[in-house]
Amino acid sequence: MTDITYINTQEGWLYLCVMIDLHSRMVVGWSMNKRIKADLVCNALRMAMFKRGMPKGVLVHSDKGSQYCSAKFQNLIKKYQLRSSMSGTGCCYDNAACESFFGTLKVESVDDENYQTREKAKRSIFEYIESYYNTKRKHSTINYKTPKEFEFTMKSDLQKCPKLTG
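A.B. asks: Got a minute to help me understand the packing of helix H1 (residues 38-51) against helix H3 (residues 71-79) in this structure?
C.D. replies: Between two packed helices, both the angle of their axes relative to each other and the distance between the axes serve to describe the pair. In the contact formed by H1 and H3, the axes pass within 9 Å of each other and the chain directions differ by 20 degrees. Classed by the angle they form, the pair H1 and H3 counts as roughly parallel. Between H1 and H3 lies a crossing whose hand is right-handed. Along the contact surface, H1 presents Ala38, Asp39, Val41, Cys42, Leu45 and Arg46, while H3 presents Lys72, Phe73, Leu76 and Ile77. Considered class by class, the residues forming the contact of H1 with H3 number seven nonpolar, no polar and three charged.

Here it is, written out as structure tokens:
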């Protein structure tokens, strides 16, 4: 699941795109830029693919924003052999996990800041995602575990399962 939000700085807007694993709530890809163009979402997707080991057939859900509809992003989806899914027009509920993440980010970190520069905002958001949200922040939707703990538990559980033969 992916979406874009904006962060206010004294230099102007900083746009943040995130890719969230809906199962674990892990932010697996993100990108920040002063422009809200297709490169923003493409860079977040590239990071997510790299972090996840280049899986094939994964569903990438977004809204119908111009960045996600762009030839650049859709060609990347095809190149990585992913499946594109888009929300109905004006249906924010289809992207609730991203909207929830953005709300949490802003309440727990961004709203208390007055970023002088985009670079300071980038460092702060990087720290929030990589050093707090994915590793320390517990989520009710995943049994009050952190995304990292939840994924570790799932991986351990899968390793204990007997192999299926077919």
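A.B. asks: Can you walk me through the packing of aromatic side chains in this structure?
C.D. replies: Think of a pair of aromatic rings as described by two things: how far the centres are apart, and how the planes are tilted against each other in angle. Applying the stated criterion across every chain, the model contains eight aromatic pairs. Between Phe101 and Tyr133, the aromatic rings sit 4.7 Å apart at their centres with planes inclined by 80 degrees, giving edge-to-face as the arrangement. Of this pair, Phe101 sits in helix H4 (residues 96-108) while Tyr133 sits in helix H5 (residues 118-133), placing them 32 residues apart in sequence. Taking the relative accessible area as the measure of exposure, Tyr133 reaches 4% and is therefore buried. Relative to Tyr133, the ring of Tyr128 has its centre 6.1 Å away and its plane inclined at 35 degrees; by these criteria the two rings are tilted.

A.B. asks: What exactly am I supposed to notice about the side chain of Asn95 here?
C.D. replies: Its place among the elements puts Asn95 in the loop between strand S5 (83-86) and H4. Using a relative accessible area of 3% as the deciding quantity, one classes Asn95 as buried. Side chain to side chain, Asn95 and Asp3 meet in a polar contact 3.3 Å long. Asn95 has contacts with Met1, Thr2, Asp3, His61 and Asp63, leaving out every residue within four places of it along the chain.

A.B. asks: Explain the nonpolar core here, please?
C.D. replies: Residues Leu16, Val18, Val27, Phe101 and Ile125 are the most contacted members of the largest nonpolar core, which totals 21 residues. When residues of this core are traced back to their parent elements, those giving at least two are strand S2 (12-20), strand S3 (27-33), H4 and H5. Once you skip the residues sitting within four places of it in the chain, Ile125 turns out to touch Ile7, Leu14, Leu16, Met32 and Val110.

A.B. asks: Hey, could you run me through the pattern of salt bridges in this one?
C.D. replies: Oppositely charged side chains may form a pair once their charged atoms are brought near each other. This model, assessed by the stated rule, comprises seven salt bridges. Salt-bridge contacts for Asp39 lead to Lys72; the nearest nitrogen and oxygen are separated by 2.4 Å. Here the residue Asp39 occupies a position in helix H1, and Lys72 occupies one in helix H3, the gap between them amounting to 33 residues. Overall, Lys72 belongs to the partly exposed group, its relative accessible area being 43%. With its nearest N and O atoms 2.9 Å apart, the salt bridge here joins Glu130 to Lys51. Of the two residues, Glu130 sits in helix H5 while Lys51 sits in helix H1, which places them 79 residues apart along the sequence.

A.B. asks: What should I look at first to understand the sheet that holds S2 in this one?
C.D. replies: Hydrogen bonding along the main chain pairs the strands of a sheet, whether they run parallel or antiparallel. The strand order across the open sheet formed by three strands is S1-S2-S3, and the pairing between neighbours is antiparallel. Of all strands in the sheet, those bounded by a partner on one side alone are strand S1 (2-9) and S3. The mean inter-strand angle of the sheet, taken between neighbouring strand axes irrespective of direction, is 25 degrees. In this sheet, S3 lies alongside S2 in antiparallel orientation, the contact comprising six bridges.

Definitions and limits used
- Residues numbered from 1 in each chain as written.
- Predicted model: local features only at pLDDT ≥ 70, side-chain atom pairs only at ≥ 80, totals over all residues.
- Heavy atoms only, no water.
- Axes fitted to C-alpha atoms, helices over the stretch in contact; angles between N-to-C directions.
- Helix = DSSP H or I, 4+ residues; strand = E, 2+ residues; numbered from the N terminus.
- Parallel < 35°, antiparallel > 145°, perpendicular 65-115°, else oblique.
- Left-handed = near helix turned anticlockwise from the far one by under 90°.
- Contact = heavy atoms within 4.5 Å.
- Nonpolar A, V, L, I, M, F, W, Y, C, P; charged D, E, K, R; others polar.
- Phe/Tyr/Trp six-rings, centres within 6.5 Å; stacked < 30°, edge-to-face > 60°.
- Buried < 20%, exposed > 50% of the residue type's maximum accessible area, 1.4 Å probe, protein only.
- Polar contact = N/O pair within 3.5 Å; in protein donor to acceptor, adjacent residues only side chain to side chain.
- Core = buried A, V, L, I, M, F, W, Y, C linked by side-chain atoms within 4.5 Å.
- Salt bridge = Lys/Arg side-chain N within 4 Å of Asp/Glu carboxyl O.
- Pairing = 2+ DSSP bridges.

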